[in-house]
Amino acid sequence: MSIITDSLGALNVFVQAAETRSFTVTGRQLGVSSSAVGKAIARLEDRMGVRLFHRSTRAITLTAEGQMFLERCRRVLSELEAAELELAQTRARPAGQLRVSLPLVGMLMMPTLTAFMEAWPEIELDLDFGDRLVDVIEEGFDAVIRSGEPTDSRLMTRRLGSSGFRIVGAPAYFERHGTPQSTAELAQHRCLHHRYPSTGRLEPWHIEGLAEGALPRTAISSAIEPLLDMAEHGRGIACLPDFAVRAHCANGRLVAVLEDAAKGNAEFRVYWPSSRHISPKLRVFVDFMAETLFAGAP
C-alpha cells in the first residue's frame, strides 16, 4: 500500500512542479522544501528511465517525455478525484449490488428482506438460497447468513438472533387426530420431517429422551417451506423454528402443542470477509438484519 501511496504522491509533486515551473513554489504549496521536491522528481525520473524536466539555474521546463507524461498524470489524478467523490456519495447513500447467501430456511426471512429493500431502495439484493457450505471469499459473496458457530477465521461475524422450536399442526388436523398430551403420544401422529441437504440426515425434533427413529415419517423435505405448507393443510405435525411459525400461530393457521417439549435453539449469524473497512451497503444490511430479523422474538 505504501508503494501505491508513494507513487501517487510523486505524481502529484510532478504535476505541481510542471504547472508552477518551480521546485521552490511547488515546495511552498506542498509544505516541503524545494530540495525534497527535487529529490522526489529525481526518484520518479529514475523509476521511469527518462528525464522529465530540463533544469537551469533560473527555471525548469518539461521535456517532450515530460509533456506526454503530464497528460497521463492529469488523467490519473482526475480519475482518482472522481473515484473519491463517488465513494463519498456512496457513504452518504448506500447503493449498489449486495450478493448474499442464505440457507433454504432463509425463504422465511423474506418479510425482513423485503422491508430492507423498502428501506434501502438503491441497494440491489442478489440472493442465493441453499444449505451447501459456501466459500464466502472465493465465491464473491458480500455476506452469508447461516446457523451455527463461526469456523472461518477469515470472516467477520455478527449474531442476528436465535430461534427455539415449536411442535405445530393445523386446527383441522388436531380435530381429526386429537391433540397429543405427551411426547410419547407423538408416535401415534403423522409426523413431517426436515432432512439436512448437506448431510442427508433427518433433523431431530429437539425433544429430550426421544429416541432416533421413534416418530413416524409421513413426509420428508429438504426445505422447511413445504413442511410448513403441509402442516397448514392438515397433512401432519412438524417441529419447526419458532420464527418460521410465529405468524402462522398468531393468525390461527397453526396451533402449537406440547409447548415445553422442544428444547434447544438455532442461532443465526451473518458473516462477511474480514476487512479494515466494511462497505456502507454491507453495514446497513448487517445492522438492519440484526435489529429486525428476530425483533419480537421471546
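Counting restarts for each chain, with residues numbered from 1 along the sequence as it is written. Local features in this predicted model are restricted to residues whose pLDDT is 70 or higher, and side-chain atom pairs enter the listing and the counts only when it is 80 or higher, whereas totals over whole chains, interfaces and linings include all residues. For side-chain calculations, the full set of non-hydrogen atoms in the structure is used, while hydrogens and water are omitted.

Under an unreviewed UniProt entry, the name given to the chain is LysR family transcriptional regulator, and the organism recorded is Marinibacterium profundimaris. As its UniProt record puts it under Sequence similarities (unreviewed entry), the chain is described as follows: "Belongs to the LysR transcriptional regulatory family." UniProt positions are given in the numbering used here, feature names are shortened, and annotations may be inferred rather than shown by experiment.

With respect to the packing of helix 5 (residues 110-119) against helix 9 (residues 280-292)
Working convention: axes come from line fits to C-alpha atoms, limited for helices to the stretch in contact. Angles between N-to-C directions cover 0 to 180 degrees. Secondary structure elements follow DSSP: runs of H or I no shorter than four residues count as helices, runs of E no shorter than two count as strands, and numbering proceeds from the N terminus. Where helix 5 contacts helix 9, the axes come no closer than 11 Å and their chain directions differ by 135°. When the axis of helix 5 is compared with that of helix 9, the two are oblique. For helix 5 against helix 9, the interelement crossing comes out right-handed. Residues Thr112, Leu113, Ala115, Phe116 and Ala119 of helix 5 form the contact with helix 9, whose participating residues are Val284, Phe285, Phe288, Met289 and Thr292. Amino acids outside the nonpolar list (Ala, Val, Leu, Ile, Met, Phe, Trp, Tyr, Cys, Pro) and the charged list (Asp, Glu, Lys, Arg) are all regarded as polar, and Gly is one of them. Class assignment of the residues belonging to the contact of helix 5 with helix 9 gives a composition of eight nonpolar, two polar and no charged. In these notes the angle categories are as follows: under 35 degrees is roughly parallel, over 145 is roughly antiparallel, 65 to 115 is roughly perpendicular, and the rest is oblique. Each crossing gets its hand from how the near helix is turned against the far one by less than a right angle, where anticlockwise is left-handed and clockwise is right-handed. In what follows, a contact means two residues having at least one pair of non-hydrogen atoms within 4.5 Å.

A few points about the pattern of salt bridges
Any carboxyl oxygen of Asp or Glu that lies within 4 Å of a side-chain nitrogen of Lys or Arg is treated as forming a salt bridge with it. In total, this model carries eleven salt bridges according to the counting rule given. Salt-bridge contacts for Glu232 lead to Arg253; the nearest nitrogen and oxygen are separated by 3.1 Å. Taken together, the residues span a long stretch of sequence, with Glu232 in helix 7 (residues 224-232) and Arg253 in the loop between helix 8 (242-250) and strand 11 (255-257) at a distance of 21 residues. The class of Glu232 is partly exposed, set by a relative accessible area of 23%. With relative accessibility at 40%, the residue Arg253 sits in the partly exposed group. Because the salt bridges share partners, they merge into one network encompassing Arg166, Asp242, Arg246 and Glu259. Only protein chains enter the area calculation, which uses a 1.4 Å probe; residues under 20% of their type maximum are buried, those over 50% are exposed, and those in between are partly exposed.

Some points on the sheet that holds strand 4 (residues 123-129)
Pairing between two strands is assigned when DSSP locates at least 2 bridges connecting them. The sheet built from five strands is open, its strands ordered 4-3-5-12-6 with mixed pairing. Here the strands that pair on one side only, and so sit at the sheet edges, are strand 4 and strand 6 (155-163). Neighbour-to-neighbour, the strand axes of the sheet open up by a mean angle of 20°, direction not taken into account. In this structure, strand 6 lies alongside strand 12 (residues 266-273), joined through eight bridges in antiparallel fashion. Following the sheet pairing, Leu155 is matched in strand 12 by Pro273. Relative to the sheet, helix 9 contacts strand 3 (96-102), strand 4, strand 5 (143-147), strand 6 and strand 12, its axis offset from that of strand 6 by approximately 25°.

Comments concerning the state of the cysteines
A covalent bond bridging the sulfur atoms of two cysteines is what the word disulfide describes. Here, two cysteine sulfur atoms that lie within 2.5 Å of each other are counted as a disulfide. Taken as a whole, this structure holds zero disulfides when the rule is applied. In this model Cys191 remains outside any disulfide bridge; the closest cysteine sulfur is found in Cys239, 10 Å from its own.

Thoughts on the domain arrangement of the chain
Residue ranges labeled as domains rest on an automatic or database domain assignment. Per the domain assignment, the segments making up the chain are domain 1 (1-89), domain 2 (96-161 + 268-293) and domain 3 (163-266). Residue-level contacts link eight residues of domain 2 with ten residues of domain 3. In this assembly, domain 2 packs against domain 3 so that about 820 Å² is buried in total across both faces, 75% of it on carbon and sulfur atoms. In this structure, the connection of domain 2 to domain 3 is made through zero salt bridges. Contacts described as polar in this section are N or O atom pairs within 3.5 Å, which, within protein, must combine one atom able to donate a hydrogen with one able to accept it, while residues neighboring in sequence count only if both atoms come from side chains. Linking domain 2 to domain 3 there are zero residue pairs in polar contact (both at pLDDT 80 or more). Split into classes, the residues belonging to the side of domain 2 that touches domain 3 amount to six nonpolar, one polar and one charged. Buried area: the accessible surface (1.4 Å probe) lost by two parts on joining, summed over both.

Digging into the pairing of strand 4
As judged from the seven bridges shared by strand 3 and strand 4, these two strands associate in the parallel manner. Paired with Gln97 across the two strands is Glu124, which belongs to strand 4. Regarding the hand of the β-α-β motif, the stretch spanning strand 3, helix 5 and strand 4 is right-handed. Looking down the strands as they point away from the viewer, one classifies a crossover as right-handed if the path from the first strand across the helix to the second runs clockwise.

Here we look at the packing of helix 2 (residues 23-30) against helix 3 (residues 34-48)
Packing of helix 2 against helix 3 leaves a shortest axis separation of 8 Å and a crossing angle of 105°. When the interaxial angle is binned, helix 2 and helix 3 end up roughly perpendicular. Residues Phe23, Thr24, Thr26 and Gly27 of helix 2 pack against Ser34, Val37, Gly38 and Ile41 of helix 3. Class assignment for the residues of the contact of helix 2 with helix 3 results in three nonpolar, five polar and no charged.

So, the confidence of the model for the chain
pLDDT is a residue-level measure of predictor confidence that goes from 0 to 100. Summarising the model, the chain shows a mean pLDDT of 86, and 92% of its residues fall at 70 or more. Within the model, the stretch residues 1-5 combines pLDDT values under 50 with zero contacts to residues more than four positions away or in other chains.

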